[in-house]
Amino acid sequence: MPKLDKFDIAILNCLQEDARATNVEIAERVNLSPSPCLRRIRNLEKSGLLRGYRADIDRKEAGLGLTVFVELKVGHHSKENSEAQQAALLAIPEIVACHLISGAADFLAEVVVEDLAGYERVMSEKLLTLPGISDLRSNFAIRSIKTNGVLTLPQPA
């Protein structure tokens, strides 16, 4: 991972605010000339720190009105089981985020679907068929207050 300086952090903040900003616009905002700015962006991409660019789609407007946070508990813990479960979770497109957690559950998955019937389908056809899952608990979001928040990046020393 590259050591980030104030210019790298400023560039990343600009891209988080507007990933469609041109290199010239970003360079102006971070007080660099375009050529070194572009070189820094390419280095951030090559290092893997800047993983990609994507559109921020309004879920509700796209017809995806239900967000469910699903706690999944594993019946038997082993490295092989964990890898199989993670691969299976990654293969479910309705899961937009998933975390290995500590506590009562082992995984917390964010599932986004059209409606309750859509979630029932995902739950019965995909989640309940996952390898080694012993318990599943669904928590329905009543309203989303904040999604896709911007990361507060650490400032260089």
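Check the entry above for the structure.
What you are looking at is a predicted structure, and each value in this text was computed from that prediction instead of being measured.

Caption draft 1: Region of interest: the sheet that holds strand E2 (residues 95-100). Strand order across the open sheet formed by four strands is E2-E3-E1-E4, with antiparallel pairing between neighbours. The open sheet is flanked by E2 and strand E4 (133-140), the only strands paired with a single partner. The sheet shows a mean angle of 20° between the axes of neighbouring strands, taken without regard to direction. Pairing of E2 with strand E3 (residues 107-113) involves five bridges; the strand directions are antiparallel. Bridge pairing in E3 links Leu100 to Phe107. Sheet strands in contact with helix H4 (residues 79-90) are strand E1 (66-74), E2 and E3, and its direction is about 15° off that of E3. Each of E1, E3 and E4 is contacted by helix H5 (residues 116-125), which is oriented at about 170° to E4, the strand it contacts most.

Caption draft 2: A look at helix H3 (residues 34-47). With 14 residues, H3 should cover 20 Å at 1.5 Å per step; its first-to-last C-alpha distance of 20 Å lies within 8% of that length. Turning to H3, its buried residues number three or more, namely Cys37, Ile41 and Leu44. Along the axis of H3, the buried positions cluster into a sector of 60°, meaning they face one direction only. Residues of H3 that are buried make contact with helix H1 (6-17) and helix H2 (23-30).

Caption draft 3: Quick peek at the environment of Glu61. Structurally, the position occupied by Glu61 is in the loop between H3 and E1. Between the alpha carbons of Glu61 and Val24 there is a distance of 32 Å; along the sequence they are 37 residues apart.

Caption draft 4: Spatial organisation of the pattern of salt bridges. This model, assessed by the stated rule, comprises nine salt bridges. For Arg137, the salt bridge is made with Asp135, and the minimal N-O distance between the two is 3.3 Å. Judged by relative accessible area, Arg137 falls into the exposed class, the value being 52%. A relative accessible area of 30% means that Asp135 is categorised as partly exposed.

Caption draft 5: Representation of the side chain of Asp8 in the model. In this structure, Asp8 sits in helix H1. Among the residues examined, Asp8 registers a relative accessible area of 8% and is labelled buried. Excluding residues that lie within four positions of it along the chain, Asp8 makes contacts with Lys3, Arg40 and Leu44.

Caption draft 6: Region of the structure containing the layout of surface pockets. Size it by volume and the largest pocket reaches roughly 2000 Å³. Lining the largest pocket we find 47 residues, and of these Arg54, Asp56, Thr147, Asn148 and Gly149 sit closest to its centre. Listing elements by their share of the lining of the largest pocket, those giving two or more residues are H1, E1, E2 and E3. In terms of residue count, H1 provides more of the lining of the largest pocket than any other element does, five residues in total.

Cut-off values and rules
- Residues numbered from 1 in each chain as written.
- Predicted model: local features only at pLDDT ≥ 70, side-chain atom pairs only at ≥ 80, totals over all residues.
- Heavy atoms only, no water.
- Pairing = 2+ DSSP bridges.
- Helix = DSSP H or I, 4+ residues; strand = E, 2+ residues; numbered from the N terminus.
- Axes fitted to C-alpha atoms, helices over the stretch in contact; angles between N-to-C directions.
- Contact = heavy atoms within 4.5 Å.
- Expected span 1.5 Å × (residues − 1).
- Buried < 20%, exposed > 50% of the residue type's maximum accessible area, 1.4 Å probe, protein only.
- Arc of directions from axis to C-beta.
- Salt bridge = Lys/Arg side-chain N within 4 Å of Asp/Glu carboxyl O.
- 1 Å grid on protein atoms, 1.4 Å probe; cavity = no way out; pocket = protein on both sides within 12 Å on 5 of 7 lines; lining within 4 Å.
- Points joined across faces, edges and corners; volume = space filled by probe spheres on them.

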